[in-house]
Amino acid sequence: MPELAFSRRAALRGLGAAGLLAALPGCGVPAAYVPEGRREGQDRSGSDRSVSFSNWPLYIDTDEEDESRRPTLDAFTEKTGIEVRYTEEINDNDEFFGKISPSLMNRQQTGHDLVVVSDWMAARFVRLGWAQKMDRSAQANVAKHLDPQLRSPAFDEGRLHTVPWQSGITGIAYNRKALGREIKSVKDLWHPDLAGKVTLFSGLDESFSLLMQGNGVDVTKWTESDFHRVCDQVESMVKKKHIRRFTGNDYTSDLGKGDVLACQAYSGDVIQLQADNPDIEFVVPEEGGELWAESLLVPNLARHKANAEALVDFYYDPEVAALLAAYVNYVCPVPAAREVLAASDDQETAELAENPLIFPDEDMRKRLVVARDISAVERSSFAKRWNAIVGL
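Residues numbered from 1 in each chain as written. Predicted model: local features only at pLDDT ≥ 70, side-chain atom pairs only at ≥ 80, totals over all residues. Heavy atoms only, no water.

**Student:** How do you make sense of the nonpolar core when you look at a structure like this?
**Tutor:** One broad rule of soluble globular proteins: the nonpolar side chains tend to lie buried together. One finds Phe53, Phe125, Trp165, Leu311 and Tyr315 to be the most contacted residues of the largest nonpolar core, which totals 85 residues. Setting aside anything within four residues of it in sequence, one finds leucine 311 in contact with Val51, Phe53, Leu73, Phe76, Val84 and Leu114. Ranked by size, the runner-up nonpolar core spans 34 residues in total, among them Leu194, Met212, Phe246 and Ile389. (Core = buried A, V, L, I, M, F, W, Y, C linked by side-chain atoms within 4.5 Å. Buried < 20%, exposed > 50% of the residue type's maximum accessible area, 1.4 Å probe, protein only. Contact = heavy atoms within 4.5 Å.)

**Student:** What exactly am I supposed to notice about empty space enclosed by the protein here?
**Tutor:** Remark: the empty space left among the atoms is shown by a probe the size of a water molecule rolled over them. Overall, the coordinates contain three cavities of 30 Å³ or more when judged by the stated rule. In this model, the largest cavity occupies a volume close to 190 Å³. As for the largest cavity, its lining consists of 16 residues, of which Asp119, Trp120, Glu290, Ala371 and Asp373 are closest to the centre. Taken together, the elements giving at least two residues each to the lining of the largest cavity come down to α4 (119-128), α7 (204-214) and β9 (289-297). (1 Å grid on protein atoms, 1.4 Å probe; cavity = no way out; pocket = protein on both sides within 12 Å on 5 of 7 lines; lining within 4 Å. Points joined across faces, edges and corners; volume = space filled by probe spheres on them. Helix = DSSP H or I, 4+ residues; strand = E, 2+ residues; numbered from the N terminus.)

**Student:** What's the story with the environment of threonine 110 in this structure? I'm lost.
**Tutor:** The residue threonine 110 is located in the loop between α3 (93-105) and β3 (114-118) in this model. A relative accessible area of 16% places threonine 110 in the buried class. Separated by 42 residues in the primary sequence, threonine 110 and serine 68 have C-alpha atoms spaced 25 Å apart. Non-local contacts of threonine 110, meaning those with residues more than four positions away in its chain, are made with Ile100, Ser103, Leu104 and Pro299. Among the polar contacts made by the side chain of threonine 110, one reaches the main-chain amide nitrogen of histidine 112 at a distance of 3.1 Å. (Polar contact = N/O pair within 3.5 Å; in protein donor to acceptor, adjacent residues only side chain to side chain.)

**Student:** Honestly, the packing of α3 against α4 in this entry has me stumped. Any pointers?
**Tutor:** When two helices pack together, their arrangement is given by the angle between the helix axes and by the axis-to-axis distance. Two elements in contact, α3 and α4, have axes whose closest approach is 11 Å; the angle formed by their N-to-C orientations is 15°. Between α3 and α4, the angle is such that the two are roughly parallel. In this structure, α3 meets α4 at a crossing whose hand is right-handed. The segment α3 lies against α4, with Asn93, Asp94, Phe97, Ile100 and Leu104 engaging Trp120, Met121, Arg124, Phe125 and Leu128. In terms of residue class, the contact of α3 with α4 is built from seven nonpolar, one polar and two charged. (Axes fitted to C-alpha atoms, helices over the stretch in contact; angles between N-to-C directions. Parallel < 35°, antiparallel > 145°, perpendicular 65-115°, else oblique. Left-handed = near helix turned anticlockwise from the far one by under 90°. Nonpolar A, V, L, I, M, F, W, Y, C, P; charged D, E, K, R; others polar.)

Okay, structure coming up:
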């Protein structure tokens, strides 16, 4: 079981480089958008059997006896002969975007063949034309096994430019024993007995969907008025000191120590928390929860595009996906991996197949929705208001 890391859906801290780039076309600077036909570079995959893969820390399987080894990557190299240069350099979506955006904007190579970013950030890459279309004819596993609920997000219809690495659910975690009652609804967070014992995510992209769902909003097509209604509600709760604070992934510490009784939470984190405290529960509210993903994409001018596509497809083999799911404990984007885990001779491994936070059951799936992302036009004013409320 990997130790808890910081949030993989790292919060957007102001506008940063991302906000500046959104404004470039109107400031006398050459447009950042790259048309589809100008994104590919000379692919050296045939002559150079390697691929550069950048990911978040603690987001892949490691060997129990040698933490520098990653069994699934070793298996890929053994199967294909392609060496993987694997780096854990993505610590924050916006920070990484700022690191490679100058190269992409100036039509230069980034040195990356494959990267993993949160879908709200992947949406920005797609809108700017900075992610290459993958060759699905060379990705039979992706075509066959990708979770139907993740196949066609609004920002990348048909998943032509992105493929989920892992998925997850934003819902509510709470200590049922300490609270003495169930939480079933987002509205339950505002009950008087939770005053000063609630935390919300500080990141705009991480918070808004679940809170809108609590208002009965269809988050696949939410509006500006829906956003400001949520802000009004949260602002009111801040003034009443009902909300203890706004957090990144440090909510896990607050919940584990008992400083908070209920909070916005990610499904993968709660699985790990439950290993130490079985009184902690995760709920997808009656109104619904957000299904999200961190996705793989191939940046423009990548030198080993075909090798990158082969690596993506390798991880969509159910046998490989099962190994990864057993380690990271997020929602597996390959439902067929469930049968692989269920057939394991190891009881703990087999039990993972029955965990709805890794393989959501039908009842839970009915309440899960992929929210539309915040557009470039909306982001500036929305971030300004939200950050003022949460103190960013």
